[in-house]
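# Coordinate inspection notes
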Amino acid sequence: MRYNQGFWCFEAEIMSNLIVLGAQWGDEGKGKIVDLLSEKFDAVARYQGGHNAGHTVYIGEKKFVLKLIPSGILRPGVLAVIGNGVVIDPAALLDEIAMLEAAGVDVRSQLKISNRAHVLFPFHRTIEKISEARADRVPIGTTSRGIGPCYEDKIARRGIRIADLVDNNFEDLYRALAGDKKLIAEAFEISEPGNFDEILAQYQRYAEQIKPLATDTSHLLNQMIRGGKSILFEGAQGTMLDIDFGTYPFVTSSSAAAGGACTGTGVPPNKIDGIIGVSKAYITRVGAGPFPSEDLTDVGEQIRRAGNEFGSVTGRPRRCGWFDVPLLRYTAEVNGFDSLIITKLDVLDSLEKIPVCVAYEVAGERITHMPASTRRMEAIKPVFETLPGWQRSTQGVSCINKLPKEAQQYLRFLEERTGVEIGSVSNGPERNETMIVEGSRLEKLLNR
Ligand code: IMP
């Protein structure tokens, strides 16, 4: 119990810890949303992935692309936490810190890194390159950052964590891991496996810079929650790239779904008050893998250009398609979305008609469950319904009921078909180009 505004109340009544995560294949615009919402929280914690993610935030004229550090860092006074579920390439982290410091952000006092997070090494990238190029393997189309091989070492219990990197026995652990990689290099007849001694020296230098930021972030976050502070948990990638629930094997190697927020930060499930899904008003995917509502015509190309759909990490063109209701219903079930934030509505402004995938058919039959097998997923024939476009700019509209009536109709259609409320709509890259639906569950969760 604590005393708050004249009343004694249970802590559970006043805390509000929310998870914000992608409801599709990533790139839903979470960076902007997390940056916007972080104003209301004491800390923002990232729970999985690595520098394969790219969260773009525009503040006035300035554009920030954050890969490892939660976008909450852009709010003075908000603590940014990199949780134990994240894999960290120290070079990428230090580059990002330098970029933020150059922009005047007080990174050293605002950032904490879990000492249980795993460390990514250059040989993880080499292994990934070889694996993706193997003739007998279907390439996943990864971001080539070495993320998968780093998680492989974690699960195989030979990985090196931040606590080891900053400890005196780092060299011993490193030599054991490097010995392992040398064996792999020999087996694959790789003539240039990399200079392991040089990497050791380089990582010892990184350790000095990272040490002051490393701590037990699970304890820190739980302590904050006990003290009545609120935490925003930030997912990277999206549910359809989750290692268990995504379009396996065309997925990333971590738990992007809501459950990952607890295992990836060490905060228990009973401390989470709400789960918010972020989805584009259409859908995109980077890399290989099934994509039922993909549009391979000129209209898909038009969306790519209007939405600037090119990867923020790799620059690769994103595959574009139509809002997929069965997919959203699936990700809502797996994550338990309380509310949905729809981003990039303005990208559809010029379209005369907007198709929406409303059902899946396989071999002429409607299916009601998301298939687990890639083969069945690839066999899906999407069933579309077409809605009228609004063919007017929605830029500058600051209230949902001032949107063109076709746009309102479109949003209502998505809400009815997915069964999840739309709590917010974003119609531009700037912080202020976001509308919160009055009376929505999202509004209540944010104002507890
Ligand atoms: P990896 O995470 O680099 O192993 O890549 C695995 C798959 O996830 C590939 O299809 C990538 O394109 C995709 N992916 C990884 N990170 C992101 C992201 O932040 N946004 C969108 N797709 C991603």
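Read on for an overview of the structure.

### Section: the sheet that holds strand E12 (residues 231-234)
- In space, the 10 strands of this open sheet follow the order E11-E9-E7-E4-E12-E3-E13-E16-E20-E21, with mixed pairing throughout. Every interior strand has two partners, whereas the edge strands, strand E11 (214-215) and strand E21 (434-436), have only one.
- Where strand E16 (residues 339-343) meets strand E20 (residues 422-426), three bridges bridge the pair, whose relative direction is parallel. Opposite Leu-340, over in E20, you have Ile-422 as the bridge partner.
- The strands touched by helix H10 (residues 217-226) within the sheet are strand E4 (43-46), strand E7 (79-82), strand E9 (111-114), E11 and E12, with E7 carrying the most contacts at an inclination of about 140°.

### Quick look at the environment of Gly-307
- Mapped onto the elements, Gly-307 comes out in the loop between helix H12 (298-306) and strand E15 (319-321).
- By relative accessible area, Gly-307 is classed as buried at 5%.
- When the C-alpha atoms of Gly-307 and Leu-348 are compared, they prove to be 8.7 Å apart, with 41 residues separating the residues in sequence.
- Those residues in contact with Gly-307, other than ones at most four positions away along the chain, are Tyr-282, Lys-344 and Val-347.

### A look at helix H8 (residues 170-187)
- Over its 18 residues, H8 extends 26 Å from the first C-alpha to the last, a length consistent with the 26 Å expected when each residue adds 1.5 Å.
- The set of residues buried in H8 consists of Phe-170, Tyr-174, Leu-177, Ala-178, Lys-181 and Ala-185. Considered in projection along H8, the buried side chains sweep an arc of 105° and stay on one side of the axis. H8 presents Asp-172, Ala-176, Leu-183, Glu-186 and Ala-187 as exposed residues on the side facing more than 90 degrees away from its buried surface.
- Contacts made by the buried residues of H8 are with helix H5 (122-133), helix H6 (147-155), helix H7 (162-165) and helix H9 (196-210).
- Where H8 terminates, the next one or two residues include Glu-189, which has phi positive at roughly 55°.

### Side note on the side chain of Ser-424
- Examined against the element boundaries, Ser-424 turns out to sit in strand E20.
- Judged by relative accessible area, which is 1%, Ser-424 ranks as buried.
- One polar contact links the side chain of Ser-424 to the main-chain carbonyl oxygen of Met-435, over a distance of 2.9 Å.
- Sequence-distant contacts of Ser-424, that is, excluding residues within four places in its chain, are made with Leu-340, Ile-341, Ile-342, Thr-434, Met-435, Ile-436, Val-437 and Leu-442.

### Brief notes about the pairing of E9
- Of the pairings in the sheet, the one linking E7 to E9 comprises three bridges and is parallel in character. For Val-81, the partnering residue across the bridge sits in E9 and is Lys-112.
- In this sheet, E11 lies alongside E9 in parallel orientation, the contact comprising two bridges. From the neighbouring strand, Ile-113 faces E11, where its bridge partner is Ala-214.

Conventions used here
- Position numbers for residues start from 1 in each chain and track the written sequence from start to end.
- Totals for whole chains, interfaces and linings use every residue, but because this is a predicted model, local features are given only for residues with pLDDT of at least 70 and side-chain atom pairs only at 80 or more, for both listing and counting.
- Water and hydrogen atoms play no part in the side-chain values, which are based on all heavy atoms of the structure.
- Only when DSSP finds a minimum of two bridges between them are two strands counted as paired.
- In this text, helices come from DSSP runs of H or I with a minimum length of four residues, and strands from runs of E with a minimum of two, each type numbered from the N-terminal end.
- Throughout, a contact is declared for two residues whenever any of their heavy atoms are within 4.5 Å.
- Geometry is summarised by axes, namely lines fitted to C-alpha atoms with helices restricted to the contacting stretch, and by angles between N-to-C directions that run from 0 to 180 degrees.
- Exposure categories follow from relative accessible area, calculated using a 1.4 Å probe and restricted to protein chains: below 20% of the type maximum is buried, above 50% is exposed, and the middle band is partly exposed.
- The span you would expect from a helix comes to 1.5 Å times its residue count less one.
- Arc definition: it is the arc formed by the directions from the helix axis to the C-beta atoms.
- Two N or O atoms form a polar contact when they lie within 3.5 Å of each other; inside protein one atom must be a possible hydrogen donor and the other a possible acceptor, and for residues adjacent in sequence the pair counts only when both atoms belong to side chains.

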